[in-house]
Amino acid sequence: ATGAEPVGVQCTMDFVEKSIQKVNQLGAGGGGGTDSKYFQTTKKGEIHELREELANPKMEKKKEAVKKVIAAMTVGKDVSMLFTDVVNCIQTVNIELKKLVYLYLINYAKSQPDLAILAVNTFVKDTQDVNPLIRALAVRTMGCIRVDKIVEYLCEPLRKCLKDEDPYVRKTSAVCVAKLYDINGELVEDQGFLDMVYDLLGDSNPMVVSNAVAALAEISETSELGQKVFQINTSTLQKMLAALNECTEWGQVFILDSLALYCPSDGREAESIIERVTPRLQHANSAVVLSAVKVMIKYMDLITSQDTLKALYKKMAPPLVTLLSSEPEIQYVALRNINLIVQKRPTILAHEIKVFFSKYNDPIYVKMEKLEIMIKLASERNVDQVLMELKEYATEVDVEFVRRSVRAIGRCAIKLERAAERCINVLLELIQTKVNYVVQEAVIVIKDIFRKFPNRYESIIGTLCENLDTLDEPEAKGSMIWIIGEYAERIDNADELLESFLESFDDETASVQLQMLTATVKLFLKRPAETQKMVQDVLTLATQDSDNPDLRDRGYIYWRLLSTDPEAAKQVVLAEKPNINDDSFTLDPSVLDELITHLSTLASIYHKPPSTFITGRTRMVPTLGGGAHDDEYEESDANITSDMMDGGMGGAQAAPPAMPAPSAGGLADLLGLDDEIAAPAAGGGGMGGAASLAPPGMADLFGGPPAPAPAAPSAKVVLPPDRGEGMQVRSAFVAQNGRVFQQITIENHSPAPLSGFAIQYNKNSFGLVPESPGALGQVMPPQLAPGQSHTGLMPLTATGQPQDSKGHVQMAIKNNVKVFYFQDQCDVLAFLSADGRGERGAFL
């Protein structure tokens, strides 16, 4: 649940892959080491020939036949019909042949569970073999065969192997317990295997200890008992630390990851553990280094001595820098982890900013990550170096990297007030290059600098106005229009400049139109005599000629303010604006602390907690000083969404006010739907969403038709907030009472309200379309404030024109920002009746 594969599944896959890779090595002694002949295409009747060869009494012939079977299985051929013949070969003393047969069993036991039981007696017999390799192989294979019928036969052999005299058998058995728990957790608990694995933590062999730690950690991630399964106390802690120096590199990773979950009692214990972990920083394996860093950073929260912390910072910096001399893929993973480390403890790498300067041959994804870390490490001491480097990047050939570099200059200005003027000078030099995309990015970041430092650098506005004709991107246009409107009293020809944008008003994007409307009103309030006609023209375009509801609403508000109380309009439109803040350290402290505990996992690469992309129950990591709790797990997002629906959202919060009926074109036309779709009924954007979620019998309170009792579907994120510019969408298709519904949850993670929602379905394999146009208005919320969410059930019908979309349903959702596209997988089971019955007419 930390973003990595479960230990049991991972070991199974490793075992299968390694066994397949060793097929060529098994016959090296007698055949010259070239087994490629087994993978060549054979003639018809090969199954019959293989069956005869498998029945051959000669050992070498049998081995050759099984190799051919494994080769056919490896390239994707179905050789399951030979199951009985291959299993008959399992009674052999030849370990090579036994490995091949076990490999075949792992692959086909799930499709032939009844026949797989035939091999159980051999498994049990092999667990008592004098050769420890065969004993371990038998236990490992039985754990890899995920068939319930075999599980009960595994218990006694596993119990003996957990107490085997050979450490190789014991360490293999420890991992087998984790695999068995994944198949039947209740059986493992009843048989006392957890206690036996826990006893292995005190084993004399470090490899056994590390495997026991790995097994217990994996079980605790999925068990409802949570942390109770694996509680580290003083005794087990010392045993784990003792094994840390002697076990393999992956064993060290397992132990270090478990230590990261432990909460030391005080700073002295934390320092003691860090002292034992510090030598792992010199390890050649980057996974061991990052796991050691994770433990140290977490325990630092308990250390109060600044001298001790400074000494630890000096020890941690070189290993992190060394990671950046690896391959690009490892560099990227290291950089994503370093990004989190810098946000938590920027002092560690404060003097190492040069190692994050991009090289000419770095891949673009590595360059982008280095750029982010450079901004986080930028300070007044090194800002000159950083600006010189960023200026150099602005001449690169990669357009996206150049844009990010120019924006980075602006972010440095916002972060470091004393360096703002130097940043402005660099931006002006870049504007003089007349490179289109460089100029546009410079205009965008200068607008942000004006917001941060008002009335300080307005002398450069003239230079910006000279490049007005080169702006063709919406964000750059919007930024320039904002600057003109904000400083209209200092620009003599501000009205002429705005009129140049007014000529193409209808063709501009919504964001540019909104900026144009606000800037014109600002200009009118500052120069009423000269711009009266212009403001009337803009207000007319916004309120009468536009079909954008946000633009219309803002136009009406301005019109009424100007016509009733111009002084109030000045106070509203020309009010002092809040300064923008540095966005270098964007992660919430609580989220950052959680991600730090998941360093060197997928969570640290996504920069998202595991609960956002892993389904099921995820155990929460205790924070230092908070103490351990008995119930340290949280339900997945899907379960939370289901619980919200089961409880009904009708009485959870005040419902939004009812919206007036849309005008001609209405909600459906916001996305440019066909004229066949009529506008939703009046009030569709009001309480309909609440009505659709009301419990049975309560729908009349909301003025809507009775809705079916919502199920508890597994809703998943189909549009994350980083792609939706702050809007997150979850979706799930459910079947209720013979009808198909789509549960849609919209969440606002942005700092501004979202409104103007509409949705449109593309042609899909099932022909799914909304049951009625009015359903669109009922499901979509009229407005979402920051932090709010809205859940609705969209009734669907399969009456649309079907088109092969590989089972995916593609959708577009619009709000006041822009249109976003996403897709969701619809299960065909949603269209099947529970009892399998159907109308005769529908069938024919």
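Up top is the structure these notes are about.
Asker: Describe the overall build of the chain, and please don't skip the residues or the numbers.
Answerer: In terms of regular secondary structure, the chain is built from 39 helices and twelve strands. Relative to its full complement of 844 residues, the chain shows a buried share of 51%. Long-range pairs, those at least 24 residues apart, make up 68% of the contacts in the chain between residues at least 6 apart in sequence. As displayed, the chain has an accessible area near 39700 Å², and 50% of this comes from carbon and sulfur atoms.

Asker: Residue-level account of the sheet that holds strand β10 (residues 789-797), with values.
Answerer: Read from one edge of the open sheet, five strands run β3-β4-β5-β10-β8, paired in antiparallel fashion. Among the strands making up the open sheet, the edge pair consists of β3 (716-719) and β8 (769-770). Relative to β10, strand β5 (residues 739-748) is paired through eight bridges, and the arrangement is antiparallel. Paired with Ile744 across the strands is Gly792, a residue of β10.

Asker: Talk me through the nonpolar core; I want residue IDs and the actual numbers.
Answerer: If you look at the biggest cluster of nonpolar residues, it comprises 207 residues, and the most contacted ones within it are Tyr104, Leu105, Leu259 and Phe450. No other element matches helix α19 (residues 286-300), which puts eleven residues into this core. Those residues within four positions of Leu105 in sequence are excluded, and the remaining contacts are Phe83, Val87, Ile90, Ala119, Phe123 and Ile145.

Asker: Can you break down the side chain of Ser750 residue by residue, with the values?
Answerer: Structurally, Ser750 can be placed in the loop between β5 and β6 (754-755). According to the relative accessible area criterion, Ser750 is buried, its value standing at 11%. Here Asn748 takes part through its side chain, which lies 2.6 Å from a polar atom of the side chain of Ser750. Within the local environment of Ser750, its side chain forms a polar contact with the backbone oxygen of Ala752, the two atoms lying 3.0 Å apart. Residues in contact with Ser750, not counting those within four places in the same chain, are Glu725, Gly726 and Pro786.

Asker: Residue-level account of the sheet that holds strand β12 (residues 819-825), with values.
Answerer: Taking strand neighbours across the sheet as the criterion, the three strands line up as β7-β11-β12 in an open arrangement whose pairing is antiparallel. Each edge of the open sheet carries a strand with a single partner, namely β7 (758-761) and β12. Adjacent strand axes in the sheet meet at a mean angle of 25° when their direction is disregarded. With four bridges joining them, β7 and strand β11 (residues 808-814) adopt antiparallel strand pairing. Across the sheet, the residue bridging to Ile759 is Ile813, located in β11.

Asker: How would you explain unusual backbone geometry if you had to name every residue and give the values?
Answerer: With a phi angle near 65°, Lys434 is a residue other than glycine that sits in the positive phi range. Relative to the assigned elements, Lys434 resides in the loop between α25 (420-431) and α26 (436-452). By relative accessible area, Lys434 is classed as partly exposed at 49%. Positive phi, normally seen in glycine, also occurs at Ser600, with a value near 65°. Classification of Ser600 as partly exposed rests on a relative accessible area of 28%.

Asker: Let's hear about the pairing of β12: which residues, and what values?
Answerer: Look at any regular strand and the pattern is simple: side chains alternate between the two faces of the sheet. Going residue by residue along β12, you find Phe820, Phe822 and Asp824 tucked away on one face and Val819, Tyr821, Gln823 and Gln825 left uncovered on the opposite face. In terms of strand pairing, β11 meets β12 through seven bridges, oriented antiparallel. Considered in β12, the bridge of Met811 is made with Phe822. Connecting the antiparallel pair β11 and β12 is a turn made up of four residues.

Asker: An account of the packing of aromatic side chains is requested, with residue identities and associated values reported.
Answerer: Scanning the model with the defined rule gives seven aromatic pairs in all. On the basis of an interplanar angle of 45° and a centroid distance of 5.9 Å, the ring pair of Phe83 and Tyr104 is categorised as tilted. Placement of the pair is Phe83 in helix α6 (residues 83-87) and Tyr104 in helix α7 (residues 95-108), with a sequence separation of 21 residues. Judged by relative accessible area, which is 0%, Tyr104 ranks as buried. On the basis of an interplanar angle of 50° and a centroid distance of 5.0 Å, the ring pair of Tyr104 and Tyr108 is categorised as tilted. Here Tyr104 and its partner Tyr108 are both found in helix α7, four residues apart, which amounts to about one turn of the helix. Classification of Tyr108 as buried rests on a relative accessible area of 9%. In this structure an aromatic cluster arises from ring pairing among Phe83, Tyr104 and Tyr108.

Asker: I'd like to hear about the environment of Val208, residue by residue, with values.
Answerer: In this structure, Val208 sits in helix α15 (residues 206-222). We classify Val208 as buried; its relative accessible area is 0%. For the pair Val208 and Val175, spaced 33 residues apart in the sequence, the C-alpha separation amounts to 9.6 Å. In this view, Val208 contacts Pro167, Arg170, Lys171, Leu200 and Asp203; residues no more than four positions away in its chain are not counted.

Cut-off values and rules
- Residues numbered from 1 in each chain as written.
- Predicted model: local features only at pLDDT ≥ 70, side-chain atom pairs only at ≥ 80, totals over all residues.
- Heavy atoms only, no water.
- Helix = DSSP H or I, 4+ residues; strand = E, 2+ residues; numbered from the N terminus.
- Buried < 20%, exposed > 50% of the residue type's maximum accessible area, 1.4 Å probe, protein only.
- Contact = heavy atoms within 4.5 Å.
- Areas by Shrake-Rupley, 256 points an atom, 1.4 Å probe, with all protein chains shown as cover.
- Pairing = 2+ DSSP bridges.
- Core = buried A, V, L, I, M, F, W, Y, C linked by side-chain atoms within 4.5 Å.
- Polar contact = N/O pair within 3.5 Å; in protein donor to acceptor, adjacent residues only side chain to side chain.
- Axes fitted to C-alpha atoms, helices over the stretch in contact; angles between N-to-C directions.
- Phe/Tyr/Trp six-rings, centres within 6.5 Å; stacked < 30°, edge-to-face > 60°.

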